[in-house]
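Working through the structure, step by step
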Amino acid sequence: MRKNKTHDLSLPGVDPSVYLSDNYVVLDFEVYVGDGHFGSSLDPRNHLALACYSNMATGGMRSHWGGEFDQADLCRAVEKADFIVGHNLKYEYGWLRRCGVDISRLIGFDTQIAEYVLLGNLAAGDPEHGVPRTSISLDACCIRRGLASKDPIVDIWIKNGISVADMPRAWVEGRCKQDVKSTQLLFKLQREALRRSGRVHLLYTRCLLTPVLATIETTGVHLDAERVRETTASYRGRLAELESEFAALTGGINFRSPKQVAEYIYDTLGFEEPKGRDGAPKRTPGGNRIANKRVFDSLKAKTEDQRRFLEIKRDIGHVSSALSKNLDYFQEICDERNSIFHAQLNQTVTATHRLSSTGIPEVSEKSVQLTNIPRAFKRLFNARRDGWLIGEVDGAQLEYRVAAFLGNDPRARDDISDPAFDIHILAGAEATRRPYEECYAAYKRGEEWAIALRQWAKIRTFRPLYGGSSGTPDEQRWFAAFKERYSVLADKQKDWVYEVLEHKELRTPWGLRFYFPTARLSSTGYCNVGNAVYNYPIQSLATAEIIPIAIIHFWHRVRASKFEDFIIPVNTIHDSLVCEVHPDYVEQFRDICRLSFGHDVGSYLARVYNLHFDVPLGAGIKIGTHWGSGEETKYEYSKAES
DNA sequence: TCAAGATGCGCG
DNA sequence: AAAGCGCGCATCTTGA
């Protein structure tokens, strides 16, 4: 690997011990809400109204009524502090950015994220297994600790959309100052709790990501209006055709109604309900007959009516959901918002601490979040400036590699390091009882059957990693082969389950703790939360620690190189980062991707997490005119190279 | 009439 | 008895 001076990355501080300093500023803002929502800094109709902040270095509470261009004292205070403290700091970062502060240099301690880290997976809860969500609102955090709660009157006003402009100033100011005081007390208790339980570095890393997300949210994503127009028109035409065909065939049932569809297929068409091994029909949790895609794929048509119905039903569901969930919104955005839309990236929602996303209604009430856009529609996104490109980097087979590391499985390690090993080919080969070499060679020669086999296997390959065991005989053959091949990993996962059954808690090697208060073992040896226990550590280390660490380093490397006007992150989905890239900065983009998703992750995990991640990491990079276009280049990184 | 629950389907 | 995990949004159904 060639030497690159960007190795001496200067992250702001890069040390969680910064939180031990007493030079910090606690802050809370009130906003004039003009968008009818929550006063996000993204919306130009919203304006900063009041800033209250407590400066620990100088002492005393300050408050200042003023807009985002009238907060010079606040800006100076936060820039001089070692870190800032607030509840849901992404909001404050967004406003500080509008105030003109360089938020990349501001370290945060977010008390909402701190509570989320302390709670492990309990903030998300697990209603399916009888664990309710735990609120991490400032009020809830304070009440749990016996601290003062919010002024209920002002709280009700704000929750009901009353503008700050219409409330008595003294009341608003009183509430804002109270929130700052509560936040500071909460911070001190959380800092101690995190320190005692060895989780400060987790909070620190989450908080380093926050300004990156605030910036991505502000930037938004850009649609190719011409492609959106063509695609929407074609989908609408197709839906109209399918609707009339469907109506003619069924006599006018509503294809969106699972109830009507179930009646039609089981009563009118006479399909048999799918049955479990015991012979009883499989039903929805509510006891209704199932009418979903899985069932339709398993039904075998015997009559012409049945065959046509299955065909049309499959297409109509796909086309109508594409329109109502994506294309209608995209069209609005192209027509009325210059083809750019925004969404939130949430840090405190999921059980495994990966991000989630929420759409933002911009024209009608519709919204689209950024993590479940159909792959077929990635091609509708391009860069907002002519001639620019879209670059996407993802962690190659990240969860597989993380599993190999956590399980310390020698076979998995060897497989990952072997350039002639393809796990999807192995899955296909095992399932169909063919020799691996034959399938691999045919795949490499580009033979169609081998490509199809690999495609078939791909969606099943890692099911056994998360406890999957049921399926067709072919599938089950692979699942068994997987568990046998990676038996060391499988045993480690069983150990996790034993630990959970004994302690109702799982302590991960990097410090995050998961809690399973309702864990129990049935008389048949089945653990009610077993599959979650198999999954959480792997999903979490991969997509809640490693990818955020990579993204943080990516962002700071771009800024340290002064490329921030040429390489602009616009989205992240679990294991990937999407950027708009100036055509002259493609090589720089590749270099920064390789370093941040490889070297930086390893060195940060060792230094800050005391975790020596010794399975090689890889990155896949695609660059093209539209999202998802262009040939993928794969990079492998191992410590030996550095 | 409206909110909450159930269901289906998109992504990693 | 059977059983991959994690999410958010649109639509229909249910129940007050």
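Rules behind the numbers
- Residues numbered from 1 in each chain as written.
- Chains lettered and ligands numbered in written order.
- Predicted model: local features only at pLDDT ≥ 70, side-chain atom pairs only at ≥ 80, totals over all residues.
- Heavy atoms only, no water.
- Helix = DSSP H or I, 4+ residues; strand = E, 2+ residues; numbered from the N terminus.
- Buried < 20%, exposed > 50% of the residue type's maximum accessible area, 1.4 Å probe, protein only.
- Axes fitted to C-alpha atoms, helices over the stretch in contact; angles between N-to-C directions.
- Parallel < 35°, antiparallel > 145°, perpendicular 65-115°, else oblique.
- Left-handed = near helix turned anticlockwise from the far one by under 90°.
- Contact = heavy atoms within 4.5 Å.
- Nonpolar A, V, L, I, M, F, W, Y, C, P; charged D, E, K, R; others polar.
- Domains from an automatic or database assignment.
- Pairing = 2+ DSSP bridges.
- Near = heavy atom within 4 Å.
- Polar contact = N/O pair within 3.5 Å; in protein donor to acceptor, adjacent residues only side chain to side chain.
- 1 Å grid on protein atoms, 1.4 Å probe; cavity = no way out; pocket = protein on both sides within 12 Å on 5 of 7 lines; lining within 4 Å.
- Points joined across faces, edges and corners; volume = space filled by probe spheres on them.
- pLDDT = per-residue confidence, 0-100.
- Salt bridge = Lys/Arg side-chain N within 4 Å of Asp/Glu carboxyl O.

Observations regarding unusual backbone geometry
Non-glycine residue Ser339 carries a positive phi angle of around 70°. With respect to the helices and strands, Ser339 occurs in the loop between α11 (304-336) and β7 (340-341). We note that Asn610 has phi near 55°; this positive angle belongs to a residue other than glycine. Relative to the helices and strands, Asn610 is located in the loop between α20 (586-608) and β15 (617-624). Residue class for Asn610 comes out exposed when judged on its relative accessible area of 59%.

Focus: the packing of helix α12 (residues 398-407) against helix α19 (residues 530-560)
Taken N-terminus to C-terminus, the directions of α12 and α19 make an angle of 115°; their axes are 9 Å apart at the nearest point. In terms of their interaxial angle, α12 and α19 are classed as roughly perpendicular. Viewed along their axes, α12 and α19 form a crossing whose handedness is right-handed. For the pair α12 and α19, the contacting residues are Leu398, Glu399, Val402, Ala403, Phe405 and Leu406 in the first and Pro537, Ile538, Gln539, Leu541, Ala542, Thr543, Ile546 and Ile547 in the second. Considered class by class, the residues forming the contact of α12 with α19 number eleven nonpolar, two polar and one charged.

A look at the side chain of Ser320
Looking at where Ser320 falls in the secondary structure, it is placed in helix α11. On the basis of relative accessibility, which here comes to 7%, the residue Ser320 falls in the buried class. For Ser320, the residues in contact, after removing those within four places along its chain, are Leu239, Phe255 and Arg256.

Description of the domain arrangement of chain A
Along its sequence, chain A is carved into domain 1 (16-219), domain 2 (225-338), domain 3 (376-398 + 541-641) and domain 4 (399-523). Measuring from the centre of the C-alpha atoms in domain 1 to the corresponding centre in domain 2 gives 44 Å.

As for the sheet that holds strand β4 (residues 83-86)
Taken in spatial order, the five strands make up an open sheet running β3-β2-β1-β4-β5, and their pairing is mixed. Looking along the sheet, the strands with just one partner apiece sit at the ends: β3 (61-65) and β5 (108-110). Going from strand to strand, the sheet's axes swing by 25° on average, the running direction of each strand aside. Relative to β3, strand β2 (residues 47-55) is paired through five bridges, and the arrangement is antiparallel. Looking at β3, one finds that Tyr53 is bridged to Arg62.

Things to note about the protein's contact with DNA strand B
Neighbouring DNA strand B are 21 residues, the closest being Thr284, Asn288, Lys293, Arg375 and Asp575. When atoms of DNA strand B within 4 Å of the protein are sorted by moiety, sugar and phosphate together comprise 81%. Lys325 is positioned such that a nitrogen or oxygen atom in its side chain is 3.2 Å from a base nitrogen of DNA strand B. In this structure, Gln539 approaches DNA strand B through a side-chain N or O atom, which is 3.4 Å from a base nitrogen. Among the residues making up the surface near DNA strand B, the classes are represented as six nonpolar, nine polar and six charged.

Things to note about empty space enclosed by the protein
Taken as a whole and assessed by the stated rule, the structure comprises nine cavities of 30 Å³ or more. Quantified by volume, the largest cavity comes out at close to 80 Å³. Looking at the lining of the largest cavity residue by residue, the classes come out as seven nonpolar, four polar and one charged. Taken domain by domain, the lining of the largest cavity gets at least three of its residues from each of domain 1 (16-219) and domain 4 (399-523).

A short note on the environment of Arg289
In this fold, Arg289 is placed in the loop between α9 (258-268) and α10 (293-298). Once the C-alpha coordinates of Arg289 and Pro132 are considered, the two residues, 157 residues apart in sequence, prove to be 28 Å apart. A distance of 3.0 Å separates a polar atom in the side chain of Arg289 from a polar atom in the side chain of Asp267.

Topic: the packing of helix α3 (residues 111-119) against helix α7 (residues 200-219)
Two numbers describe how α3 lies on α7: the axes approach to 10 Å, and their chain directions differ by 140°. Taken together, α3 and α7 sit at an angle that is classed as oblique. The chirality of how α3 crosses α7 is right-handed. On α7, the residues touching Ile113, Ala114 and Val117 of α3 are Leu202, Leu203, Arg206, Cys207 and Thr210. Among the residues making up the contact of α3 with α7, the classes are represented as six nonpolar, one polar and one charged.

Re the sheet that holds strand β16 (residues 632-637)
Pairing within the open sheet is antiparallel, and its five strands lie in the order β13-β14-β10-β15-β16. Two strands in the sheet have a free side with no partner beyond their single neighbour: β13 (567-572) and β16. Taken pair by pair, the neighbouring strands of this sheet meet at an average axis angle of 25°, ignoring direction. By the bridge criterion, six bridges tie strand β10 (residues 389-395) to strand β14 (residues 576-581) in an arrangement that is antiparallel. Bridging from a neighbouring strand, Leu389 pairs with Val581 of β14. With respect to the sheet, α20 is in contact with β10, β13, β14, β15 and β16, its orientation differing from that of β15 by roughly 160°.

Quick word on the side chain of Thr231
Among the secondary structure elements, Thr231 is positioned in helix α8 (residues 225-250). Of the polar contacts made by the side chain of Thr231, one reaches the backbone oxygen of Arg227; its length is 2.6 Å. Setting aside chain neighbours within four positions, we find Thr231 in contact with Leu327, Phe377, Arg379 and Leu380.

What about the confidence of the model for chain A?
When pLDDT is averaged across chain A, the result is 91; 96% of the residues are at 70 or more. Every residue in residues 1-8 scores below 50 in pLDDT, and together they form 13 contacts with partners more than four places removed in sequence or on other chains.

Description of the pattern of salt bridges
A complete count under the given rule lists 41 salt bridges for this structure. A salt bridge links Glu192 to Arg195; its shortest N-O distance comes to 2.7 Å. Note that Glu192 and Arg195 are positioned in helix α6 (residues 169-196) at a spacing of three residues, about one turn of the helix. The class for Glu192 is partly exposed, based on a relative accessible area of 31%. The class of Arg195 is partly exposed, set by a relative accessible area of 47%. Where Arg307 meets Glu311, a salt bridge forms, and the shortest distance between an N and an O atom there is 3.1 Å.

Observations regarding the environment of Ser182
Turning to its location among the elements, Ser182 is positioned in helix α6. Along the sequence, Ser182 and Arg62 sit 120 residues apart, while their C-alpha atoms lie 15 Å from each other.

With respect to the pairing of strand β1 (residues 24-32)
Here β1 lies mainly inside the structure; eight of its nine residues are buried. Where β1 and β4 come together, three bridges link them in parallel fashion. If you follow Tyr24 over to β4, its bridge partner there is Phe83. Of the pairings in the sheet, the one linking β1 to β2 comprises eight bridges and is antiparallel in character. In the sheet register, Phe29 faces β2, and the bridge partner there is Ala51.

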